[in-house]
Amino acid sequence: MEKILEVKDLAVSFKTFFGEVEAVRGISFEVGKKETVAIVGESGCGKSVTANSIMQLLPMPPAFFKNGEILFNGENLLSKSEKEMQNIRGNHIAMIFQDPMTSLNPTMKVGKQIVEGLIKHHGLKHHDAKKKAIEMLDLVAVPQPEKRIEQYPHEFSGGMRQRVMIALAMISDPQLLIADEPTTALDVTVQAQILDLMKSLQERLDMSIILITHDLGVVADTSDKVVVMYAGQIVEQGLTDEIFKETAHPYTQKLLASVPRLDMNRDEALLSIEGTPPDLYIPPKGCAFYDRCDKAMKICKDNMPGFTEHSATHASRCWLNHPMAKTNEGSGI
Amino acid sequence: MKADLDFRPEMFEVADKTDLNVDKIRRPSIKFWPDVWRRLKMNKLAMLGLTLIIAMIVMAFIGVKLSGYTYFEQNLKLRNTHPNMEFWFGTDELGRDMFTRVWYGARYSLAIGVIAAFIDFVIGITYGGIAGISSRRVDAIMMRVAEVIYSIPYLLIVILLSVVLTQEGGGSSMFVLILAMSLTGWVPMAILVRGQVLQLKESEYSLASESLGATKSWILKKHIFPNTLGPILVNVTLTIPRAIFAEATLGFLGLGLQAPMSSLGTLANDGLAGLAVGNAYQIIIPAIFISLIMFSFNVLGDGLRDALDPRLRK
Amino acid sequence: MQEPLISVKNLKKHFDVGKDAVLKAVDGISFDIYPGETFGLVGESGCGKSTAGRTLIRLYDPTDGEVIFNGKNIFTLSRNQMSEVRRNFQMIFQDPYASLNPRMTVLDIISEPLEIHQIYKSKKEMKARVIELLELVGLNDEHAMRFPHEFSGGQRQRIGIARALALNPKFIVCDEPISALDVSIQAQVVNLLKDLQEKLGLTYMFIAHDLSMVRYISDRVGVMYLGHMMELAESEELYDNPLHPYTKALLSAIPIPNPDIQRSRQRIILEGDVPSPINPKEGCRFVDRCSYAIDKCRNVTPEFEEVRPGHFAACHRIGEI
């Protein structure tokens, strides 16, 4: 498959008063054309930092890139100037956020915001841009678009604002859409609408999507590939089916077992992951999940496991994959 | 997999994690105020301000005794002596030692600032606190009253008061000055406190306390008041220089303290005459001290605000 | 049939939000909560579930209705009598960051209810009780002198639970206690709540928007929409045989973390958003988004009736759809 984005060995740190916080510690993944890649993990695992690194929206300082490259259509984004990045952000990669108000101007009519974007990106005449803006609101299923373009963002509900933000992101016909927890603040019925909308836009516009979420249900619903992050690292990645059915890493296994499912028996115990993720002020020397892992072995404490490939698309970072681990009980994966 | 590791079967035994306490907090515990102090200490400018304030307060007490002259002792033979080894800051047009007079003036300026700020603090907290916990109607009435009071220029009040309460020989007493400034000065504090109370009254921990059966006064005492202390402290720190400056302005306009008492403002006023005849030091020196006081309190206040800001924590 | 611990009858809570505008957050809901059970209350944001929970324990002044506890309507109790009820009714809040006073140590926070009700004469006895409570929620005396900001979200929520348990309550309203927490931490808190329920014989009202979690923890579940109760049934029954079109849509909208099921599921995607609860019209509240709506639905508010034993719903077209 044609690759659109390749992240290679990316490491991002933040300089803080106490010292360096290693938010992202060497991650690599790829996004193919028309593919949806979900990045899953808990708060603080580095998933949003990764997204903001691609867009280069991190405040620098305190953030800085320690290592790695981000190749978009073969070009390294990290070596681009701010001006070139602006062009890329405007025309090739778009981003939507959990809170739509971060990208909407509260003092400007919704229509005008879209119209200005259209004029800027496509050089349309005002009249044509307005017609196109109505079409775009229609595209994202905002009812009565002729009336709605004359309204201000605060007159829209949460779900409708999210739609407007998606419309704004679509102005430039991006090749890649980064969606950072786009449905977390929404109610389930509205979440279903937005996810549906994203899927249909993807098909129509041939877009790739990076979906950042903590909701495994959303992942199963929308993504082709899944990247599981923990404490700044990727612990497992693979096709969605591989992640859900041939789960390799103990963290992914526990994460899946800790969410109640509608299809689950109520008497089944909910597995809980005791403790909290490590503080990345002092990243652990060995496996970051050691403290919370039931299957931890002596080797895990001080030695960082490397990736083991389970298939061409599926890899995990765990010492249980080591041939010698098989001789011990409790190693069955 | 790493190649440089020498794998042995025992490395793959189940790890012994009996000592592991997943809920252990590794970072040391820091109490709120020590933490604020720690962050304040990191702010060099604020610390400079604090040092200057302490130095000036100390000098306001002992500085008046150092030169061996008193603030009222006139020596007409030594009029307008420029600063020298004998008179460190020179003498004024009546031959009084400026060094002693500056510290004497600083003492009054600081006293006026601190007392005015304290009165603002007491009235402001009481008034704002009552408005904040009262019903919406009472609150609205109290705030309108406060706004009306605040709209009266304090200069007008000072002039009126000094006409009514004036002493012989012109000038105002310290009492009149403080009274005039406090009459309107408490309003910003009251508005601040009211806003804080309104906000904290709705906070989840106040609600939690209510659900536990707490009374209004309990919530005010245990939850609202301790959490408003920070912003109030910043406000007090910034009120002091405002009061000092207001007094200095009045003094400069001739409405300040009555001679032979002096504040930095009246000293500057006295020195104004010297400016024309080549004795600029008579105005420059008090002006420098006014600026220093203003500077010190303002940077300290700003520093405190930053140190107290929860968003800048960690 | 068992006697209910709490009986809620026609509970209403309206807020004046301006001239002639009344926000009917809770508009006449009735249900019983039985001793030892977990009663789940679900709905989307703005449906009034949190307001219902808060009014129920009289944190808000009710507009109308009664809540019967121990044979008395708690809305008519005096301040003194209410103080006794307060000891039996407790609450766990959604935001573990906002519900703990940042200036108080954990010891102060957990001993607050003990101090308010003057349970212990000596500080020493009180401290011993606090440590007992901390241990109950899996923390220990090392944590007593620390401040809330030093804890993680899950730990803070456990502190909030310890505080709610301090007075040995019979009934606890859990107002979205896990929605601010990370997935891996949610299970910790839910398991703790379940353990405590068994150990201490507690009764819960569990308010949440996460239907899968509510199904997991609750014995019976009520579904709210715009201030009205739409459906109420035993947990299994509600999820297996939902009767109300809204419940059906709600269940269908939850993504299941299993790609096979998720891909093959027939899903009902509701149109539009939840309408405003300000000055709602007569008729079924769900009518504008309901694909089964008929004229009657617009004009007549459906009764909340027992359709099958223990299964209530408010819909004119129950038998037909």
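Residues numbered from 1 in each chain as written. Chains lettered and ligands numbered in written order. Predicted model: local features only at pLDDT ≥ 70, side-chain atom pairs only at ≥ 80, totals over all residues. Heavy atoms only, no water.

*Asks:* I'm lost on the overall build of chain B in this one. Help?
*Replies:* Of regular secondary structure, chain B possesses ten helices and zero strands. Helices (α) and strands (β) of chain B occur, in sequence order from the N terminus, as α-α-α-α-α-α-α-α-α-α. The buried share of chain B, reckoned over its 314 residues, is 46%. The long-range fraction of contacts in chain B, counting pairs at least 24 apart against all pairs at least 6 apart in sequence, stands at 70%. Accessible surface, chain B: about 15900 Å² in total, of which carbon and sulfur atoms supply 67%. (Helix = DSSP H or I, 4+ residues; strand = E, 2+ residues; numbered from the N terminus. Buried < 20%, exposed > 50% of the residue type's maximum accessible area, 1.4 Å probe, protein only. Contact = heavy atoms within 4.5 Å. Areas by Shrake-Rupley, 256 points an atom, 1.4 Å probe, with all protein chains shown as cover.)

*Asks:* When you look at the overall build of chain C in this model, what are you seeing that I'm missing?
*Replies:* Regarding its fold elements, chain C presents eleven helices and twelve strands. Taking 321 residues into account, the globule formula puts the C-alpha radius of gyration at 20 Å, and chain C, at 21 Å, falls close to it. Taken over 321 residues, chain C has a buried fraction of 60%. Within chain C, counting contacts between residues at least 6 apart in sequence, those at least 24 apart form 65% of the total. Accessible surface, chain C as shown: approximately 13000 Å² in total, 45% of it carbon and sulfur. Charged side chains of chain C number 38 positive and 43 negative; the gap between the two group centres comes to 4 Å. (Rg over C-alpha atoms; globule rule 2.2 N^0.38 Å. Lys, Arg positive; Asp, Glu negative; His and termini not counted. Charge placed at Lys NZ, Arg CZ, Asp CG, Glu CD.)

*Asks:* Sorry if this is basic, but what is going on with a negative patch on the surface here?
*Replies:* Taken together, Asp267 and Glu268 of chain A together with Glu234, Glu236 and Asp240 of chain C make up a surface patch of like negative charges. Relative to the assigned elements, Glu234 of chain C resides in strand β10 (residues 228-234). (Patch = residues over 30% accessible without salt bridge, like charges linked within 9 Å, V, L, I, M, F, W, Y side chains within 5 Å. Salt bridge = Lys/Arg side-chain N within 4 Å of Asp/Glu carboxyl O.)

*Asks:* I'm lost on the packing of aromatic side chains in this one. Help?
*Replies:* Two measures describe an aromatic ring pair: the distance that separates the ring centres and the angle between the ring planes. The final tally for this structure, using the stated rule, is 16 aromatic pairs over all chains. Between Phe118 of chain B and Phe121 of chain B the ring centres are 6.3 Å apart and the planes differ by 35 degrees, which places this aromatic pair in the tilted class. Taken together, the residues span about one helical turn, with Phe118 of chain B and Phe121 of chain B both in helix α3 (residues 98-133) at a distance of three residues. Its relative accessible area of 53% is what places Phe118 of chain B among the exposed residues. Where Phe31 of chain C meets Phe39 of chain C, the ring centres are 4.7 Å apart and the plane angle is 10 degrees; that geometry is what we call stacked. Taken individually, Phe31 of chain C and Phe39 of chain C each receive the classification buried, so the pair is uniform in this respect. An aromatic cluster is built from Tyr230, Tyr251 and Phe289 of chain A, whose rings are joined through pairwise contacts. (Phe/Tyr/Trp six-rings, centres within 6.5 Å; stacked < 30°, edge-to-face > 60°.)

*Asks:* What's the story with the environment of Phe206 of chain C in this structure? I'm lost.
*Replies:* Residues and elements named next belong to chain C. Position of Phe206 among the secondary structure elements: in strand β8 (residues 203-208). On a C-alpha basis, the gap between Phe206 and Lys127 in space is 30 Å, while along the polypeptide they are 79 residues apart. Setting aside residues no more than four positions away along its own chain, Phe206 makes contact with Thr38, Phe39, Gly40, Leu41, Cys174, Pro177, Ile178, Leu193, Val214, Ile217 and Ser218.

*Asks:* Would you explain the interface of chain A and chain C in this entry?
*Replies:* A common way to express how large an interface is: the accessible area buried when the components associate. Listed by partner, the interface residues are 42 residues for chain A and 43 residues for chain C. In total, about 3800 Å² of surface goes out of reach between chain A and chain C, with carbon and sulfur atoms giving 57% of it. Contact with chain C buries surface across chain A, with Thr189, Leu262 and Arg266 of chain A losing the most and accounting together for 23% of the total. One can count one salt bridge joining chain A with chain C. A salt bridge links Asp260 of chain C to Lys245 of chain A, with the nearest nitrogen and oxygen atoms 2.8 Å apart. If you look at where chain A meets chain C, you find five residue pairs in polar contact (both at pLDDT 80 or more). Counting only elements with at least two residues in the side of chain A that touches chain C, the list comes to α6 (158-170), α7 (188-205), α8 (216-222) and α9 (240-245) of chain A. Among the elements that line the side of chain A that touches chain C, the one with the most residues is α7 of chain A, at seven residues. Of the residues in the side of chain A that touches chain C, the class split is 17 nonpolar, 13 polar and twelve charged. (Buried area = accessible area lost by both parts, 1.4 Å probe. Polar contact = N/O pair within 3.5 Å; in protein donor to acceptor, adjacent residues only side chain to side chain. Nonpolar A, V, L, I, M, F, W, Y, C, P; charged D, E, K, R; others polar.)

*Asks:* Quick question: what am I supposed to make of the pattern of salt bridges here?
*Replies:* Charged atoms that come close allow side chains of opposite charge to pair. If you walk through the whole model with that rule in mind, you get 30 salt bridges over all chains. A salt bridge links Asp294 of chain A to Lys254 of chain A, with the nearest nitrogen and oxygen atoms 3.3 Å apart. With Asp294 of chain A in the loop between α10 (250-257) and α11 (298-302) and Lys254 of chain A in helix α10, the pair connects residues that are 40 residues apart, well separated along the chain. Using a relative accessible area of 8% as the deciding quantity, one classes Lys254 of chain A as buried. For Glu44 of chain C, the salt bridge is made with Arg289 of chain C, and the minimal N-O distance between the two is 3.6 Å. You can see Glu44 of chain C sitting in the loop between β3 (38-42) and α1 (49-56) and its partner Arg289 of chain C sitting in the loop between α10 (259-264) and α11 (295-299), a full 245 residues away along the chain.

*Asks:* Which parts of the structure should I look at to understand the side chain of Asp175 of chain C?
*Replies:* Residues and elements named next belong to chain C. Looking at the secondary structure, you find Asp175 in strand β7 (residues 171-175). Assessed through its relative accessible area of 2%, Asp175 is described here as buried. Those residues within four positions of Asp175 in sequence are excluded, and the remaining contacts are Ser50, Arg54, Met91, Ile92, Phe93, Gln94 and Ile207.

*Asks:* Can you walk me through the sheet that holds strand β11 (residues 305-308) of chain C in this structure?
*Replies:* All names here are of chain C. Reading across the sheet, the eight strands line up as β6-β7-β8-β3-β9-β10-β12-β11 and stay open at both edges, with mixed pairing between neighbours. The open sheet has two edge strands with one neighbour each: β6 (89-92) and β11. Put simply, the sheet's adjacent strands are angled 20 degrees from each other on average, direction ignored. With five bridges connecting them, β3 and β8 associate as parallel partners. Across the sheet, residue Thr38 finds its bridge partner in β8, namely Tyr204. Helix-sheet contacts for helix α5 (residues 153-165) involve β6 and β7, and the interaxial angle to β6 is about 175 degrees. Seen against the sheet, helix α9 (residues 245-253) touches β9 (220-225) and β10 and runs at an angle of roughly 100 degrees to β9. (Pairing = 2+ DSSP bridges. Axes fitted to C-alpha atoms, helices over the stretch in contact; angles between N-to-C directions.)

*Asks:* Looking at this model, I keep getting lost on the sheet that holds strand β4 (residues 64-69) of chain C. Mind explaining?
*Replies:* Strand pairing in a sheet relies on backbone hydrogen bonds. The paired strands run either parallel or antiparallel. All names here are of chain C. On the basis of which strands lie adjacent, the open sheet formed by four strands has the order β2-β1-β4-β5 and antiparallel pairing. Across the chains shown, the open sheet's two edge strands, defined by having one partner strand only, are β2 (22-33) and β5 (72-73). Alignment of strand β1 (residues 6-16) against β4, held across five bridges, turns out to be antiparallel. Within β4, the residue paired with Ile6 across the bridge is Phe69. Packing against the sheet, α1 makes contact with β1, β2 and β4, and its axis sits at approximately 115 degrees to β1.

*Asks:* Can you help me understand a nonpolar patch on the surface in this one?
*Replies:* Taken together, the side chains of Ile54, Ile57, Val58, Phe61 and Ile62 of chain B make up a nonpolar region of the molecular surface, amounting to roughly 450 Å² of accessible area. As for its placement among the helices and strands, Val58 of chain B is situated in helix α2 (residues 44-66).

*Asks:* Teacher, can you tell me more about unusual backbone geometry here?
*Replies:* Peptide bonds are mostly trans, and most non-glycine residues show a negative phi. Residue and element names in this part refer to chain C. Not every positive phi belongs to a glycine, and Glu176 is a case in point at roughly 45 degrees. With respect to the element layout, Glu176 can be found in the loop between β7 and α6 (183-200). Since its relative accessible area comes to 7%, Glu176 is described here as buried. A positive phi angle, near 45 degrees, is found at Leu226, a position not held by glycine. For Leu226, a relative accessible area of 4% gives the class buried.

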